[in-house]
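Topology and contacts: notes
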Amino acid sequence: AQSVTQLGSHVSVSEGALVLLRCNYSSSVPPYLFWYVQYPNQGLQLLLKYTSAATLVKGINGFEAEFKKSETSFHLTKPSAHMSDAAEYFCAVSRGGGYNKLIFGAGTRLAVHP
Amino acid sequence: DGGITQSPKYLFRKEGQNVTLSCEQNLNHDAMYWYRQDPGQGLRLIYYSQIVNDFQKGDIAEGYSVSREKKESFPLTVTSAQKNPTAFYLCASDSSTGTGTEAFFGQGTRLTVV
C-alpha cells in the first residue's frame with residue numbers, strides 16, 4: 001500500500017534562504033508524486049508532479065523536486081525563499097488503478113521571516 | 001473561467017442535522033473527489049466518482065453520502081451519523097485520462113458543528 005511521510009510539520013526559514021521540505025513515499029508500483037501548496041482557507045494548487053519522465057522536476061514559483069528512487073524521496077526545494085511562500089505544503093502519491101486517488105502526507109507549514 | 005466552485009464557504013450544523021455541501025465544476029472533467037482535511041492529518045478521501053450515476057467509497061466514507069446525477073455536480077451530504085464532522089472539506093476533479101493527471105481543487109467548505 002502506498003503512503004507518504006512528510007518530515008517536519010513546521011519549517012521556518014529566513015527570506016532569501018534555501019527552502020527544503022522533505023517527503024518520503026512508500027509504493028509497491030512506480031509512483032506518481034505531487035507537491036501541492038495551500039494558502040489559508042484556500043484549496044490546493046499544484047506546484048509540480050513527477051510522472052516517470054525526468055527525475056528533476058521544475059514547478060511554479062521557482063520550486064523544484066528531485067525523485068530519488070533509492071531513497072524513496074521526493075523533496076521540494078527552492079533556492080531563495082520569499083515572504084509569499086509562507087503556506088502549507090502537501091506531498092501526495094497517486095494510488096493508480098485507473099483513478100487518480102491521492103494519498104496525502106500530513107503537510108508541512110512553511111513560515112518565512114524577514 | 002473554468003474551475004471548481006464549492007458552496008457555501010462556511011457552514012454551521014446543529015447536532016443531529018444533515019447538511020449538504022455543493023461542488024460544481026465546468027472543466028468537463030469525468031472524475032470528481034471529496035476530501036476531508038483535519039489539522040495535522042493531511043487530506044483523506046471520502047468518496048470519488050468517475051462517471052455519472054456511479055461513485056465509490058474512499059477511506060472514510062462512514063457518515064457521508066454523495067450523488068452524481070450530472071457530470072458537473074458532485075454534492076456531499078454529511079449525515080447525523082458522522083460523529084465528528086467539524087473539518088475543512090475539499091472537492092477536486094480531474095480529467096481521469098490516467099494516473100498522474102493533475103487534480104484541480106475547489107476553495108473548500110469549512111463545516112462547524114454548533
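Residues numbered from 1 in each chain as written. Chains lettered and ligands numbered in written order. Predicted model: local features only at pLDDT ≥ 70, side-chain atom pairs only at ≥ 80, totals over all residues. Heavy atoms only, no water.

What about the packing of aromatic side chains?
To keep things clear, this is the line we draw: Centres within 6.5 Å are what make two rings of Phe, Tyr or Trp a pair, Trp counting through its six-membered ring; a difference in plane orientation under 30 degrees is then read as stacked, over 60 as edge-to-face, and the rest as tilted. Each residue is placed in one exposure class: buried if its accessible area under a 1.4 Å probe, protein chains only, is under 20% of its type's maximum, exposed if it is over 50%, and partly exposed if it falls in between. Numbering of helices and strands starts at the N terminus; helices are DSSP runs of H or I of at least 4 residues and strands are runs of E of at least 2. By definition here, charges over rings are those cases where NZ of Lys or CZ of Arg is within 6 Å of the ring centre and within 35 degrees of the ring normal.
Going through the model one piece at a time under the given rule, you end up with 14 aromatic pairs over all chains. An angle of 25° between the planes, with centres 6.2 Å apart, marks the rings of A:Phe34 and A:Tyr36 as stacked. Both residues of the pair, A:Phe34 and A:Tyr36, belong to the buried class. Summarising the aromatic geometry, the rings of A:Tyr36 and A:Phe104 are spaced 6.2 Å apart at their centres and angled 50° between planes, so their arrangement reads as tilted. In this pair, A:Tyr36 sits in strand 4 (residues 33-38) while A:Phe104 sits in strand 10 (residues 102-104), placing the two residues 68 residues apart along the sequence. In this structure, A:Tyr36 and A:Phe104 share a single accessibility class: buried. An aromatic cluster of three or more residues is present, and its members are A:Phe34, A:Tyr36, A:Phe90, A:Phe104, B:Tyr33, B:Tyr35 and B:Phe105. A cation over a ring is seen here: B:Arg68 above B:Phe74, with NZ or CZ 5.9 Å from the ring centre.

Considerations on the pairing of strand 11 (residues 109-113) of chain B
All names here are of chain B. Here is the rule we go by: Strands pair, by our definition, only if DSSP identifies at least two bridges between them.
Inspection of the sheet shows strand 2 (residues 10-13) paired to strand 11 by 4 bridges, in the parallel sense. Bridging across to strand 11, Tyr10 finds its partner in Arg110. As paired elements, strand 9 (residues 87-94) and strand 11 share 3 bridges and run antiparallel to each other. Along strand 11, the bridge assignment pairs Ala87 with Leu111.

Brief notes about the pattern of salt bridges
Going by this rule: Any Lys or Arg side-chain nitrogen found within 4 Å of a carboxyl oxygen on Asp or Glu counts as a salt bridge.
Scanning the model with the defined rule gives 6 salt bridges over all chains in all. The partner of A:Lys58 in a salt bridge is A:Glu64, with the nearest N and O atoms 2.8 Å apart. Classification of A:Lys58 by relative accessible area gives exposed; the value is 62%. Of the residues examined, A:Glu64 reaches a relative accessible area of 23% and is grouped as partly exposed. A salt bridge links B:Arg36 to B:Asp38; the nearest nitrogen and oxygen atoms lie 2.8 Å apart. For B:Asp38, a relative accessible area of 10% corresponds to the buried category. What you see here is one network of salt bridges that share partners, running through B:Arg36, B:Asp38 and B:Arg44.

Looking at the state of the cysteines
To keep it simple, the criterion reads: The rule for a disulfide is simple: a pair of cysteine sulfur atoms within 2.5 Å.
The tally for this structure, following the rule as stated, stands at 2 disulfides over all chains. Covalently, A:Cys23 is tied to A:Cys91 through a disulfide, its sulfur atoms 2.0 Å apart. Measuring the twist about the S-S bond at about -65°, one finds the A:Cys23-A:Cys91 disulfide to be left-handed. Here A:Cys91 lies in strand 9 (residues 87-94) and A:Cys23 lies in strand 3 (residues 19-26), a separation of 68 residues in the sequence. You'll find A:Cys23 and A:Cys91 in the same group, each marked buried. One disulfide in the model links B:Cys23 with B:Cys91; its S-S distance is 1.9 Å. Here the S-S torsion is close to -75°, and the disulfide linking B:Cys23 with B:Cys91 is therefore left-handed. Of this pair, B:Cys23 sits in strand 3 (residues 19-25) while B:Cys91 sits in strand 9, and the two are 68 residues apart along the sequence. Given the relative accessible area of 1%, B:Cys23 is considered buried.

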